[in-house]
Each structure stands twice: as C-alpha cells, then as structure tokens.
Amino acid sequence: MKKVLFSAALALVAVAASAQEPNFPMMGGGFGGFGGFGGQQQTNVKFDEYVAAPAGFDQERAGIKKGTVKLIEYQSESVGTTRKANVYLPASYDGKKKFSVLYLLHGIGGDEWEWMNDGGVPNIIMDNLYADGKVADMIVVMPNGRAAKDDSRAGGYGSAGAFGEFDKDLIGSLIPYIEKNFSVYTDKDHRAIAGLSMGGGQSLNFGLGNMDKFAYVGGFSSAPNTQRAAQLIPDVEKVKKENKLLWMVCGGADGLIGNSTQLKAFCDENGIPCTLINYPNEGHNFTVWKYGLYNFAQLIFK
Ligand code: FER
C-alpha cells in the first residue's frame, strides 16, 4: 500500500511543479484522503485557542509606510552555486539601526518567490503589523530551501532530500551573507526560523537542532519531513532553557496535522512550552500560513 501511495505522490510531482500553489489541487481539503501519505497519525492533544486574525490583516492598506522586497544572491559553499533569496526590509530599515532576522521558508512546490507570489503577502502582513506597532524590528529573509544545484520548483517530491540539506547552506552561507550585508544582530536571540509545510518541517528540524543559532521556531502545517519529537528534542532541559518560542499552527482538515500533534504531545508530556493552534476546518493552504506569519511575527524578539 505504501508503495502505491508513493507512486501516486510521484505522479503528482509534475502537477505540483506547474501549479502556482505548492499544495495539490486534487487534494481538496489537504492531505486527508491520502492516509499514511501525510506522515504521522494524529495524536490526541489539547490545542491552543484559535483566535481569528483581524479583518484586513492581509490586505494592502493605504496611508501606511511600505517596506521593500529585495532579491539577493549569495555564494553557497555547500551547494557550490550562486543562490537566491528575497529579503523584506521594513520602511524603518535605514541601514544604521540593527534589526533581528526571521528566516521564512517555503513548501515542496515553492522557491524563494513562493511566499511573495503564491498568496502569502508577507510584505503586506508585515507592513500592517509595523503600522500598528505590533512587531519588534526585524527583516524577513525568504530563501530557496531546496539546497541543490537545480533548485527549481520542477524538483517536486524528488527534491525532498535537498530540503534536508538546506541547514548547511543556511547556517554556512546564507546567514553569514545576511549578517555581512544587512544591519542585523548576529546572535541566536535575534534570529527566528519558521516556514510552511516542508519549510515548517525544516524550521522545526533546523531550529531545534541548532538552538545556539535560533531562539524562536515556528512550524506551519509541517510536512512529513518533520523529525519525530524524541529526535527533535533529545534533551528536554536544554530546550526548556534555550528555546524562547516553539509555535505551530495547522489546519484542522489537513491530513498532515499528525506531524504537529506528535511534537505537541511530547512537549506537553515533558513540560516544554509549546503552542499548537488548530485552524478550524482549514486545509493545507495560505489561509493557515498567512495566519501563522501574522501571529508568529508578533511573538518573536520581544
Ligand atoms: C508528503 C506530503 C506532503 C511529503 C511532503 C509534503 C516529503 C509537503 C507538502 C508541502 O510542502 O506543501 O508525504 O513528503
């Protein structure tokens, strides 16, 4: 059965690669219909309260200051190529004052443009949060999380391994590039990592796996690349001491929710502060991911 499901997944690669959305249209409300394809079974947990985002949080607002988004290129030592990332700079970024950095990662069908071009409107969400004084000073870096020579979207599921290699590029090359070329702090307390789906799994894996680099970790609808909790958190006391935020959200109708609940259950059992919000009736899509960014951004660097 597993094999059949995997072939089905592979057959979807071409569709995923050509689709604008990273998720697969025929999956409707998410990965619910695909059983084991979604990774872990859902564990029974007590979810944290869902509070709807205010109307207009993701709509462009007139009369407020707007940030800019800049495409940067950096030399990747681990991949051996020149790679790209988009960087959101708030209107208040002036190159003098130091800012914190949020690394914001994409899903299996995306790249450094996914958040910007496929419905994530991170610049609009951040502009609005800044205008309302709801966020600490930060820039947002949106890299390509497929650490391979060919890092195009065409990789689809075949590039899952390359997502697993991204920590070397991120920590070895991208972070040093950002810290050399932007006016930012360079310690773990001023660095956060979050992402959607495959990027959520990467954020949990790399964030908790490198607590000396990231104090704030977020997973939105995290995919089956998410390591199991005992592997993610081999040292309960260490995570309690060093992690400042472990925050997750997933759609209630998303068959991938088991990847988040298994971690939430472990945290609850071990007294580790951890948030998991179940976005009511929602699938695997940008409704959940925009909500994730909106909330996560307000909780970090404070
Ligand atoms: C899988 C189901 C979903 C999987 C990855 C995904 C690697 C990722 C989805 C996304 O990033 O949107 O079985 O295996």
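Heads up: the structure comes first, above all this text.
Residues numbered from 1 in each chain as written. Predicted model: local features only at pLDDT ≥ 70, side-chain atom pairs only at ≥ 80, totals over all residues. Heavy atoms only, no water.

Peer 1: For this particular structure, what's the right way to read the pattern of salt bridges?
Peer 2: Side chains bearing opposite charge may pair, as long as their charged atoms lie close to each other. Counting across every chain of the model gives 16 salt bridges. Across the pair Glu 179 and Arg 191 runs a salt bridge whose closest N-O atoms are separated by 2.9 Å. Pair noted here: Glu 179 is in helix H6 (residues 166-181) and Arg 191 is in strand S5 (residues 191-196), with a separation of 12 residues, a long-range link. For the pair Glu 179 and Arg 191, a shared accessibility class is recorded, and that class is buried. Linking Lys 244 and Asp 189 is a salt bridge whose minimum nitrogen-to-oxygen distance equals 3.8 Å. One end of the pair, Lys 244, is in the loop between helix H9 (236-242) and strand S7 (245-251); the other, Asp 189, is in the loop between H6 and S5, and 55 residues separate them in sequence. The class of Lys 244 is partly exposed, set by a relative accessible area of 48%. Salt bridges linked by common partners bring Asp 48, Lys 264 and Asp 268 together as one network. (Salt bridge = Lys/Arg side-chain N within 4 Å of Asp/Glu carboxyl O. Helix = DSSP H or I, 4+ residues; strand = E, 2+ residues; numbered from the N terminus. Buried < 20%, exposed > 50% of the residue type's maximum accessible area, 1.4 Å probe, protein only.)

Peer 1: Help me understand helix H10 (residues 258-270), please; the structure alone is not making it clear to me.
Peer 2: The α-helix winds at 3.6 residues per turn, so residues separated by three or four positions along the chain end up facing the same way. With 13 residues, H10 extends 18 Å between its outermost C-alpha atoms, agreeing within 8% with the 18 Å of an ideal straight helix rising 1.5 Å per residue. Within H10, 10 of the 13 residues are buried, which leaves the element mostly enclosed by the surrounding structure. The complete set of buried residues in H10 reads Gly 258, Asn 259, Ser 260, Thr 261, Gln 262, Leu 263, Lys 264, Ala 265, Phe 266 and Cys 267. Packing partners of the buried residues in H10 comprise helix H7 (198-209), helix H8 (229-232), H9, S7 and strand S8 (275-279). (Expected span 1.5 Å × (residues − 1). Contact = heavy atoms within 4.5 Å.)

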